[in-house]
Amino acid sequence: MERKDHMDLFGALALIAFALHLAFNQVVIKVASGGFAPVFQAGLRSAGAVIVLLIWMRLRGVSFQVPRNAWVGGILAGLFFSLEFMCLFIALDITTVSRASVIFYTMPVWLSLIAHQFFPGERLTRRKVVGLVLAVTGVAIALADRSSGQASWTGDLLALTSALCWAGIVVCVRLTPLSDVPPAQQLMFQVLVSAPILLVLAPFMGPLFREVEPIHIAALLFQIVAIASLGFLVWFWLMSIYPSSSVASFSFLSPVFSVIFGWVLLSEDVAPSVWGALVLVASGIYLINRKPPVRVIA
């Protein structure tokens, strides 16, 4: 498809479907943790994604040759990727999907603060500041709520660390020569670096296997194929067609869908304060990413 300068119906539906996809994955990770230890699961996911990406790149004739000056940025992105998913998988193992998702998907908030200092042309505006205040207030409410027996300070802080690492990956891509590398190679760097790190660390964090059943294996395969490899490639494909600001504006949907899925599919007890935090965070993310209206001079 050719590059477009505006969001159309196909793009909107595709991004809504992708937000549902990512939200459902939070539930899938939680389910898979019943059979695989969190860090081990994350390592297997990255290792499997390497294989899927290699096959995809071979079939498409995509080379993995990357300029030498992009290796430092690629390795740093891979390290951030490793820490991001180690923290997220552990967080989802010890706290609820709803709590972890509300905090994890605040990544645009922290990225906008970093962008204000380091990215030319992305200074904070009044609208973005309002969005930041709303989102940070939502996070504070979520952290303050300890009414649920499933609430965990460790899980909350790990989810927050994961969000910061996600923002770190974007910074690596934007501020290093890695920005000139095609998306498939960027993704390959992240899974290729993270796989051995996570698999080596996993045995130091307890037994690798729990009570493995077919549903746990299916959940792991879903993550490998539908998320960590082909899923992210679809995201990059959409980014190559539509304006990045328009694509980013749909990111507020992921935490909304995640909380709903946790509530409906996992029967999680979502406290009223968490619903309130979700509204604030989603509204804040929307304001941060929304493209300002174009002024027409008559």
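For the structure, see preceding data.
First things first, this report covers the structure right here in the doc. (Residues numbered from 1 in each chain as written. Predicted model: local features only at pLDDT ≥ 70, side-chain atom pairs only at ≥ 80, totals over all residues. Heavy atoms only, no water.)

### Examining the environment of Cys172
Link 1 in the chain: Relative to the assigned elements, Cys172 resides in helix α7 (residues 153-175).
Link 2 in the chain: Using a relative accessible area of 6% as the deciding quantity, one classes Cys172 as buried.
Link 3 in the chain: For Cys172 and Arg127, which are 45 residues apart along the polypeptide, the C-alpha to C-alpha distance reads 26 Å.
Link 4 in the chain: Ignoring sequence-local partners within four residues, the contact set of Cys172 consists of Gly73, Leu76, Ala77, Phe80 and Leu178. (Helix = DSSP H or I, 4+ residues; strand = E, 2+ residues; numbered from the N terminus. Buried < 20%, exposed > 50% of the residue type's maximum accessible area, 1.4 Å probe, protein only. Contact = heavy atoms within 4.5 Å.)

### A closer look at helix α5 (residues 107-118)
Residues spaced three or four apart along an α-helix face the same direction, because each turn holds 3.6 residues.
Link 1 in the chain: Counted at 1.5 Å a residue, the expected span for α5 with its twelve residues is 16 Å, and the 16 Å between its end C-alpha atoms agrees.
Link 2 in the chain: Listed in full, the buried residues belonging to α5 are Met107, Pro108, Val109, Trp110, Leu111, Ser112, Ala115 and His116.
Link 3 in the chain: On its buried face, α5 is in contact with α4 (97-104), α6 (126-144), α7 and α12 (272-289). (Expected span 1.5 Å × (residues − 1).)

### Section: the nonpolar core
Link 1 in the chain: Among the nonpolar cores identified, the biggest contains 61 residues, and Val102 and Val191 are the most heavily contacted of them.
Link 2 in the chain: If we ignore the near neighbours within four places in the chain, the residues touching Val191 are Ser46, Ala49, Val50, Leu53, Phe81 and Ala228.
Link 3 in the chain: Counting 14 residues, the second largest nonpolar core, distinct from the first, contains Ala19, Val27, Tyr242 and Val247. (Core = buried A, V, L, I, M, F, W, Y, C linked by side-chain atoms within 4.5 Å.)

### Examining unusual backbone geometry
The phi torsion of most residues other than glycine is negative, and most of the peptide bonds are trans.
Link 1 in the chain: In this model, Ser267 sits at a positive phi of 55°, which is unusual for a non-glycine residue.
Link 2 in the chain: Position of Ser267 relative to the elements: it lies in the loop between α11 (253-265) and α12.

### Topic: a nonpolar patch on the surface
Link 1 in the chain: Together, Trp71, Val72, Ile75, Leu76, Leu79 and Phe80 make up a nonpolar patch on the protein surface, roughly 520 Å² of accessible area in all.
Link 2 in the chain: Looking at the secondary structure, you find Trp71 in helix α3 (residues 71-94). (Patch = residues over 30% accessible without salt bridge, like charges linked within 9 Å, V, L, I, M, F, W, Y side chains within 5 Å. Areas by Shrake-Rupley, 256 points an atom, 1.4 Å probe, with all protein chains shown as cover. Salt bridge = Lys/Arg side-chain N within 4 Å of Asp/Glu carboxyl O.)

### Let's talk about the side chain of Thr96
Link 1 in the chain: As for its position among the elements, Thr96 is in the loop between α3 and α4.
Link 2 in the chain: Side-chain polar atoms of Thr96 contact the side chain of Ser98, separated by 3.1 Å. (Polar contact = N/O pair within 3.5 Å; in protein donor to acceptor, adjacent residues only side chain to side chain.)

### Quick look at α11
Link 1 in the chain: Over its 13 residues, α11 runs 17 Å from end to end, which matches the ideal 18 Å to within 8%, given 1.5 Å per residue.
Link 2 in the chain: On the buried face of α11, the contacting elements are α1 (9-32), α4 and α12.
Link 3 in the chain: One or two positions beyond α11, positive phi appears at Ser267, with a value near 55°.

### Some words on the packing of helix α2 (residues 38-60) against helix α8 (residues 183-201)
Link 1 in the chain: Between α2 and α8, whose axes approach to 8 Å, the crossing angle comes to 145°. As for how α2 packs across α8, the hand of that crossing is left-handed.
Link 2 in the chain: Looking at the contact of α2 with α8 residue by residue, the classes come out as 20 nonpolar, four polar and no charged. (Axes fitted to C-alpha atoms, helices over the stretch in contact; angles between N-to-C directions. Left-handed = near helix turned anticlockwise from the far one by under 90°. Nonpolar A, V, L, I, M, F, W, Y, C, P; charged D, E, K, R; others polar.)

### Describing the environment of Leu198
Link 1 in the chain: For Leu198, the position within the fold is in helix α8.
Link 2 in the chain: Leu198 sits in the buried class, given a relative accessible area of 0%.
Link 3 in the chain: Separated by 151 residues in sequence, Leu198 and Ala47 have C-alpha atoms that sit 9.5 Å apart.
Link 4 in the chain: Apart from residues no more than four positions distant in its own chain, Leu198 is found in contact with Val39, Ala42, Gly43, Ser46, Ser82 and Met86.

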